[in-house]
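If you want the building blocks of each chain, they are given just below.
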Amino acid sequence: MIDFLAQAPLYVLPFLLVLTVVVTIHELGHFLVARAFGVKIDRFAIGFGRGLLSRTDRQGTEWRLGWIPLGGYVKFSGDLDPSSVPDQAGLAELKDRIIAEQGPEAIRDYFHFKPVWQRALIVLAGPMANFVLAIVVFTLLFSLIGVQIQPARVAQVSADSPAASAGFLPGDLITGINGRRIEDQRDVTRIVSLSSGDRLRFMVERGGDELTLTAVPERETVTDPVAGRITVGRIGLGLLPAMDEIRHVRYGPIAAVGQAVSQTGDVLATSIRYIGRIFTGRESGDQLSGPIGIAKASGALTSAAVEANPDPGATAFNLIVTMTSFAAILSIGIGFLNLLPIPILDGGHLVFYGYEAVAKKPVAARFQEAGFRVGLALLAGLMLFATWNDLQKLNLFKFLGGLA
């Protein structure tokens with residue numbers, strides 16, 4: 001805990017920088033699609049609080065740079081309701097006010113009077129922008145820098161482990177899991193870590209023969225240099241390919257896009273799978289992190305990038321690559337979180353618009369208000385749980401218990 005406090009600036013500053021970029025891209029997605037549909041926009045802000053810089057463009061939109069670097073926001077004209085989905089009475093009141101102040105022609109410029117499909121696309125554009133950002137980042141990394149492919153060659157089998165019981169031997173090459181082709185050992189680690197209690201079929205090459213081995217990962221608490229102390233599935237394998245098996249691959253532009261889409265899809269699928277396993281009681285949820293944990297992860301990545309090579313030029317390069325990769329992962333996480341069907345999030349708005357499209361009228365105000373409160377409570381509970389995880393990993397309570 002003391003180490004974390006001492007290195008807080010190293011953790012917090014990269015996190016704030018990356019978070020601001022990712023959230024700005026999210027809001028830019030909303031902004032660009034809204035402007036394409038002719039929606040009147042009052043403000044596009046980067047950061048919160050008092051404006052440090054501000055200018056207004058020809059469309060009347062104020063572009064503001066706030067002094068608190070915690071993301072940003074877009075404010076549509078007439079967007080006063082906290083849920084951004086006013087009911088029929090609210091729409092009628094807003095319409096009368098706009099007509100009285102600007103005339104009937106102005107109605108078409110306001111977000112809430114656009115067709116429901118346009119409003120849904122505007123809302124969906126934020127999370128989609130996050131996924132596009134991740135794909136662009138991964139494409140650049142795969143094409144300009146490339147990736148190191150390390151085959152899943154078994155170097156060690158722990159005694160009395162699920163792997164030993166399954167019949168794994170040193171020298172085996174894992175080529176597939178449950179029918180999915182495996183080319184890199186990181187894929188094995190990712191699949192096994194989220195499969196505790198599940199039977200996994202491993203396709204293995206041994207001495208020119210192909211075998212199928214079955215193992216059930218067991219839950220084990222480990223200390224990860226980035227994520228901290230977490231519980232994951234393990235089968236007791238140590239993977240280490242021979243030096244001549246390691247390949248460095250740099251993809252062409254088209255192949256890089258395909259790999260980037262696949263990588264983004266894998267991260268999304270892993271997130272969905274993990275959340276699903278939490279709800280079914282097969283995961284404890286200790287891998288969920290809040291702002292503290294994410295900031296700590298960004299700091300750990302920054303430290304690793306600095307320590308990888310003392311040369312200033314190499315250090316700067318490693319920092320850029322590391323934080324760019326971190327931004328892609330965080331962007332996917334923010335896009336996924338916003339698509340959850342929770343009122344006050346983009347996914348909640350989409351649920352309301354789905355109802356409106358079917359019922360031909362907005363959700364009643366009392367239901368919107370109840371949904372807003374429930375959504376706020378769910379988010380608060382999720383943040384408290386994630387923050388509790390972060391503090392546990394920092395051993396805060398042991399630290400406090402040792403104070404006299």
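Residues numbered from 1 in each chain as written. Predicted model: local features only at pLDDT ≥ 70, side-chain atom pairs only at ≥ 80, totals over all residues. Heavy atoms only, no water.

1. Considering the overall build of the protein
Helix and strand counts for the protein stand at 12 helices and 12 strands. The buried share among the 404 residues of the protein stands at 42%. (Helix = DSSP H or I, 4+ residues; strand = E, 2+ residues; numbered from the N terminus. Buried < 20%, exposed > 50% of the residue type's maximum accessible area, 1.4 Å probe, protein only.)

2. Quick notes on the pairing of strand S4 (residues 152-157)
Note: S4 against strand S5 (residues 173-177), two bridges, orientation antiparallel. Bridging from a neighbouring strand, Arg-153 pairs with Leu-173 of S5. In this sheet, strand S11 (residues 237-239) lies alongside S4 in antiparallel orientation, the contact comprising three bridges. The residue of S11 that forms the bridge with Gln-156 is Gly-238. (Pairing = 2+ DSSP bridges.)

3. Examining the confidence of the model for the protein
On average, the protein scores 83 in pLDDT, and the residues at 70 or more come to 81%. Counting interchain partners and residues more than four positions distant, the pLDDT-below-50 stretch residues 396-404 has seven contacts. (pLDDT = per-residue confidence, 0-100. Contact = heavy atoms within 4.5 Å.)

4. As for the packing of aromatic side chains
Two descriptors summarise a pair of aromatic rings, namely the distance from one centre to the other and the angle between the planes of the rings. As enumerated under the stated definition, the model contains nine aromatic pairs in all. Between Phe-31 and Phe-44 the ring centres are 5.5 Å apart and the planes differ by 75°, which places this aromatic pair in the edge-to-face class. Here Phe-44 lies in strand S1 (residues 41-56) and Phe-31 lies in helix H2 (residues 8-36), a separation of 13 residues in the sequence. Both residues of the pair, Phe-31 and Phe-44, belong to the buried class. Ring plane angle 35° and centroid distance 5.0 Å describe the contact between Phe-44 and Trp-63, whose orientation is recorded as tilted. Of the two residues, Phe-44 sits in strand S1 while Trp-63 sits in strand S2 (residues 62-76), which places them 19 residues apart along the sequence. Residue classification places Trp-63 among the partly exposed residues on the basis of a relative accessible area of 28%. (Phe/Tyr/Trp six-rings, centres within 6.5 Å; stacked < 30°, edge-to-face > 60°.)

5. Observations concerning the side chain of Asp-187
Mapping Asp-187 onto the fold places it in helix H6 (residues 185-193). You can call Asp-187 buried: its relative accessible area is 17%. At 3.0 Å, the side chain of Asp-187 forms a polar contact with the side chain of Arg-190. Not counting the four nearest positions on each side in its chain, Asp-187 is found in contact with Arg-180 and Ile-182. (Polar contact = N/O pair within 3.5 Å; in protein donor to acceptor, adjacent residues only side chain to side chain.)

6. Section: the side chain of Gln-368
Examined against the element boundaries, Gln-368 turns out to sit in helix H11 (residues 365-393). Of the residues examined, Gln-368 reaches a relative accessible area of 3% and is grouped as buried.

7. Side note on the pattern of salt bridges
On inspection of all chains with the given rule, the structure shows 16 salt bridges. Glu-356 is paired through a salt bridge with Arg-119; the nearest N and O atoms lie 2.8 Å apart. Residue Glu-356 is located in helix H10 (residues 346-359), and its partner Arg-119 is located in helix H4 (residues 116-145); the two are separated by 237 residues in the primary sequence. Given the relative accessible area of 12%, Glu-356 is considered buried. (Salt bridge = Lys/Arg side-chain N within 4 Å of Asp/Glu carboxyl O.)

8. Here we look at the nonpolar core
Among the nonpolar cores identified, the biggest contains 28 residues, and Val-18, Val-22, Phe-138, Phe-142 and Ile-332 are the most heavily contacted of them. Put simply, the parts of the chain that give this core at least two residues each are H2, H4, strand S3 (147-149), helix H7 (253-279) and helix H9 (312-339). A total of eight residues in this core trace back to one element, the largest contributor, which is H9. Those residues in contact with Val-22 that lie beyond four places of it in its chain are Asn-130, Leu-133, Ala-327, Leu-330, Ser-331 and Ile-334. (Core = buried A, V, L, I, M, F, W, Y, C linked by side-chain atoms within 4.5 Å.)

9. Details of the environment of Ser-158
Secondary-structure assignment places Ser-158 in the loop between S4 and helix H5 (162-166). It is 5.0 Å that separates the C-alpha atoms of Ser-158 and Gly-236, two residues lying 78 residues apart in sequence. Among all residues touching Ser-158, those that are not within four sequence positions of it are Ala-164 and Gly-236.

10. Here we look at the UniProt feature "transmembrane region" (unreviewed entry) in the protein
Taking the numbering used here, the UniProt-annotated feature "transmembrane region" (unreviewed entry) corresponds to residues 12-33, 120-145, 316-340 and 370-388. In residues 120-145, the share of helix is 100% and the share of strand is 0%. The end C-alpha atoms are 37 Å apart. In this annotation, residues 316-340 is assigned 96% helix and 0% strand; the end-to-end C-alpha distance for the span is 36 Å. (UniProt positions renumbered as here; feature names shortened; annotations may be inferred.)

11. Considerations on unusual backbone geometry
Positioned with a positive phi, Asp-160 is a non-glycine residue whose angle comes to about 60°. Structurally, the position occupied by Asp-160 is in the loop between S4 and H5. Given a relative accessible area of 79%, Asp-160 falls into the exposed group. A positive phi angle, near 85°, is found at Ile-344, a position not held by glycine. Checked against the element boundaries, Ile-344 lands in the loop between H9 and H10.

12. Details of the environment of Val-23
The topology assignment puts Val-23 in helix H2. Overall, the relative accessible area of 15% leaves Val-23 in the buried class. Separated by 104 residues in sequence, Val-23 and Pro-127 place their C-alpha atoms 9.8 Å apart. Here Val-23 is in contact with Gly-71, Gly-72 and Ile-334, once residues within four sequence places are set aside.

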